[in-house]
Amino acid sequence: MRVMAQMSMVMNLDKCIGCHTCSVTCKQAWTNRSGVEYVWFNNVETRPGQGYPRQYEDQEKWRGGWVLNKRGRLALKGGGRWHKLVTIFSNPKLPGIDDYYEPWTYDYETLTNAPLQEHTPVARPKSLLSGKDMKVSWSANWDDDLGGSVEHGDKDVMLKQISDKVKMEFDKTFMFYLPRICEHCLNPSCAASCPSGAIYKRAEDGIVLVDQDKCRGWRMCVSGCPYKKMYFNHRTGKAEKCTFCFPRIEVGLPTVCAETCVGRLRYIGLMLYDADKVLEAASTPDDQDLYEAQRGVFLDPNDPEVIAAAEREGIPQDWIEAAQRSPIHALINTYKVALPLHPEYRTMPMVWYIPPLSPVVDVIRDTGHDAEDKGNLFAAIDALRIPVEYLAELFTAGDTAVVDGVLRRLAAMRSYMRDINLGREPDLAIPEGVGMSGEEMYDMYRLLALAKYDERYVIPTAHAEDAHSLEEIATECSLNYDGGPGMGGAGLPGGSGPFGEASGRPNPIAVENFHMLRARQTSDNPVDPADKHTRVNLLNWDGKGAPAGLFPERKGDSEVGPGGTNPPADSGPAETEPKP
């Protein structure tokens, strides 16, 4: 048993309202710069729908992820080393800009500078790639809220797995939102696809990153990732991806998408797993057994043998304690309500989802019946085979029994807690019917509905002994260009990228800076009283002279001038007592 730690995320899809706040804040933090205008490390898709890029789940077309070869061994679906060597200068299995979307802005200058005229001026859409006028016809969330409409529904890859007789009734049945980031897989096919070895998985927390020094822009990683969460920066010629906001994680702060999530649907925590079992689990012959196989890779952090093995592997004690308090472990292995996205890709994804129960509840409510009565809910889950089959295609490789069990646990929780909240005697037969005790069901309800900040995000901080190596890793991330947090040499003439632009290694992202960020975000007061004497207050400054505290006090300058200022240096000699 070789114990390793992995930072993981679970999203409760029942809470997602499709506001796209996570996408916008991630965009502002990580990809708000040239070369990655079309890139969304975090995006929110409406399901049923085509996704972003279009039909990314069609692996017969894109050849992403892993498959089992004739000998039962894992092999890249896009081909092994020899195939990549032959096609290294021509990789046709790539989404084009039309599959993503051509990013655009608007000609706002026309609005602000247009002279007085009879007709209102128009801000035309301009391509961010060519600068020319364009017609907007697609975007990262173009089919937002359509939910499998007749116009776009037939292009959903998952709907092809269900009979034609029922698939176009989805838009009348249900719709839900699916936020997506990089899965930070245990068995990442993007890393295995890279000819340069530029993509690596951090040993301390499992976050998958791109070494910008090693990346040569072959783009095999874009083809190899079945979730299409690898992107190519057309300006720098390098690959980029979600970094799981590692500078924040290292100081115990959640990712930007989780921090700003309006619905509080994201959970972040540490999982301990047996690295020696990953290959065996990923090689499970039947796709529908991959869910249980991956759960078998995870270890119980309360098991004394696991704790001893983790200590032998050098995992710090506070990290083991964090794994014991992890909401991820509770949702995946204790309550068994979280499921992986497309386990059939065999990458062992580490961003899991709680499937939505809302569509079932909505259908019951629309019929005029009690939507939280246990009899109605369970009967509806049995009757509404269409959404369960669709969810199974997303989360369990088509195994509806697992999804049915998750929905039953969620439905049981609603019915059981309703009696408690209304002051009625709880019916213990409800949790027993889904294999849970009343106490377990209450704990699950508390985690899903009432959990506070420090319960949803249990993130151990990086240790001081790792700080230097983590800073060196930070210099290799994909953010050292215009507008990125790295901003290496951004102020120099000609920009901040390679190939004739500003040269030199960027300054490392200091761990201390993010400790200050954490102190500022978690303090009760916006200003720390301890350093109040070092701050300059301009509120009462009258604009004359120098405000108090801007310069060190000189001897004899104990008096403060009007408006909180010291007497200006050129105001004439100060009055003194006459000499005796």
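Residues numbered from 1 in each chain as written. Predicted model: local features only at pLDDT ≥ 70, side-chain atom pairs only at ≥ 80, totals over all residues. Heavy atoms only, no water.

An unreviewed UniProt entry annotates the chain as Nitrate reductase subunit beta originating from Actinomadura bangladeshensis. The annotation that UniProt attaches to the chain under Subcellular location (unreviewed entry) is "Cell envelope". (UniProt positions renumbered as here; feature names shortened; annotations may be inferred.)

A look at the sheet that holds strand β14 (residues 351–354)
As summarised here, the arrangement of the four strands in space is β12-β1-β14-β13, forming an open sheet in which the pairing is mixed. Strands at the two margins of the open sheet, each flanked by one partner only, are β12 (266–274) and β13 (339–340). Looking at chain direction, strand β1 (residues 3–12) and β12 are connected through nine bridges and run antiparallel. The residue of β12 that forms the bridge with Q6 is M271. (Pairing = 2+ DSSP bridges. Helix = DSSP H or I, 4+ residues; strand = E, 2+ residues; numbered from the N terminus.)

Overview of unusual backbone geometry
Backbone torsion omega between R47 and P48 reads -5 degrees, so that peptide bond is classified as cis. Structurally, P48 is set in the loop between β2 (43–47) and α2 (59–62). Along the chain, Y52 connects to P53 via a cis peptide bond; the corresponding omega equals -10 degrees. Here P53 lies in the loop between β2 and α2. Non-glycine residue K228 carries a positive phi angle of around 55 degrees. Among the structural elements, K228 can be located in the loop between α9 (220–224) and β10 (230–233). With relative accessibility at 0%, the residue K228 sits in the buried group. Here A397, not a glycine, exhibits a phi torsion of approximately 55 degrees, which is positive. As for its placement among the helices and strands, A397 is situated in the loop between α19 (385–395) and α20 (400–421). (Buried < 20%, exposed > 50% of the residue type's maximum accessible area, 1.4 Å probe, protein only.)

Focus on a nonpolar patch on the surface
A surface patch of nonpolar side chains, about 300 Å² in accessible area, is lined by Y106, Y108 and L111. Note on placement: Y108 falls in helix α5 (residues 108–113). Taking the relative accessible area as the measure of exposure, Y108 reaches 49% and is therefore partly exposed. (Patch = residues over 30% accessible without salt bridge, like charges linked within 9 Å, V, L, I, M, F, W, Y side chains within 5 Å. Areas by Shrake-Rupley, 256 points an atom, 1.4 Å probe, with all protein chains shown as cover. Salt bridge = Lys/Arg side-chain N within 4 Å of Asp/Glu carboxyl O.)

Let's talk about the packing of α20 against helix α22 (residues 438–450)
Helices that pack against each other are described as a pair by the angle of their axes relative to one another and the distance between those axes. At a minimum axis distance of 10 Å, the contact between α20 and α22 shows a crossing angle of 95 degrees. One way to sum up the angle between α20 and α22 is to call them roughly perpendicular. Contacts from R409, L410, A412, M413, Y416, M417 and N421 in α20 reach G438, M441, Y442, M444, Y445 and L448 in α22. (Axes fitted to C-alpha atoms, helices over the stretch in contact; angles between N-to-C directions. Parallel < 35°, antiparallel > 145°, perpendicular 65-115°, else oblique. Contact = heavy atoms within 4.5 Å.)

What to know about the environment of R264
In this structure, R264 sits in the loop between α11 (256–259) and β12. Separated by 186 residues in sequence, R264 and L450 have C-alpha atoms that sit 9.9 Å apart. Sequence-distant contacts of R264, defined by excluding residues within four places in its chain, comprise K15 and R456.

A look at the side chain of N333
Tracing the sequence through the fold places N333 in helix α16 (residues 327–334). Among the polar contacts listed, one links the side chain of N333 to the side chain of R295, at a separation of 3.0 Å. Setting aside anything within four residues of it in sequence, one finds N333 in contact with R295 and F298. (Polar contact = N/O pair within 3.5 Å; in protein donor to acceptor, adjacent residues only side chain to side chain.)

A few points about α16
Across the eight residues that make up α16, a large majority, seven, are buried. Listed as buried for α16 are P327, I328, H329, A330, L331, I332 and N333. The residue sitting at the N-terminus of α16 and contributing the capping side-chain oxygen is S326; that oxygen lies 3.1 Å from the backbone nitrogen of I328. Of the residues flanking the end of α16, it is K336, one or two places downstream, whose phi is positive at about 55 degrees.

Focus: the packing of aromatic side chains
This model, assessed by the stated rule, comprises 15 aromatic pairs. A centroid spacing of 5.8 Å and a plane angle of 55 degrees characterise the contact between F298 and W352, whose relative ring orientation is tilted. Pair noted here: F298 is in the loop between α13 (290–297) and α14 (304–312) and W352 is in strand β14, with a separation of 54 residues, a long-range link. Taken together, the ring pairs connect Y38, F41, Y52, Y100 and Y231 into an aromatic cluster. Across from the ring centre of W40, 5.0 Å away, lies the NZ or CZ of K27, which sits over that ring. Positioned above the aromatic ring of F232 is the side chain of R219, whose terminal nitrogen or guanidinium carbon lies 4.6 Å from the ring centre. (Phe/Tyr/Trp six-rings, centres within 6.5 Å; stacked < 30°, edge-to-face > 60°. Lys NZ or Arg CZ within 6 Å of the ring centre and 35° of its normal.)

Notes on the nonpolar core
Counting residues in each nonpolar core, the largest one holds 129 residues, and the members touching the most others are V10, M230, I268, L331 and F395. Those residues in contact with V10 that sit more than four places away from it in its chain are L265, R266, Y267, I328, L331, I332, A338, W352 and I354. (Core = buried A, V, L, I, M, F, W, Y, C linked by side-chain atoms within 4.5 Å.)

Quick notes on the pairing of strand β11 (residues 238–241)
Burial along β11 is two-sided: the face carrying K238 and E240 and the face carrying A239 and K241 are both buried. Pairing of β10 with β11 involves four bridges; the strand directions are antiparallel. By the bridge assignment for β11, M230 is matched with K241. Hairpin remark: β10 followed by β11, antiparallel, with four residues in the connecting loop; positive phi at G237, about 75 degrees.

Concerning helix α1 (residues 21–30)
By the burial criterion, the buried members of α1 are C22, S23, C26, K27 and W30. Buried residues of α1 fall within an arc of 130 degrees about the axis and therefore sit on the same side. Buried positions along α1 lie against β2, α10 (246–249), α11 and β12. (Arc of directions from axis to C-beta.)

Focus: the side chain of R409
Mapped onto the secondary structure, R409 falls in helix α20. Within the buried core, R409 has no salt-bridge partner, and the shortest N-O distance to an opposite charge, that of E292, equals 7.7 Å. Of note is the side chain of R409, whose polar atom sits 3.2 Å from the backbone oxygen of Y335. Aside from chain neighbours lying at most four places away, what touches R409 is Y335, K336, V337, V434, M436, M441 and M444. (Lys, Arg positive; Asp, Glu negative; His and termini not counted.)

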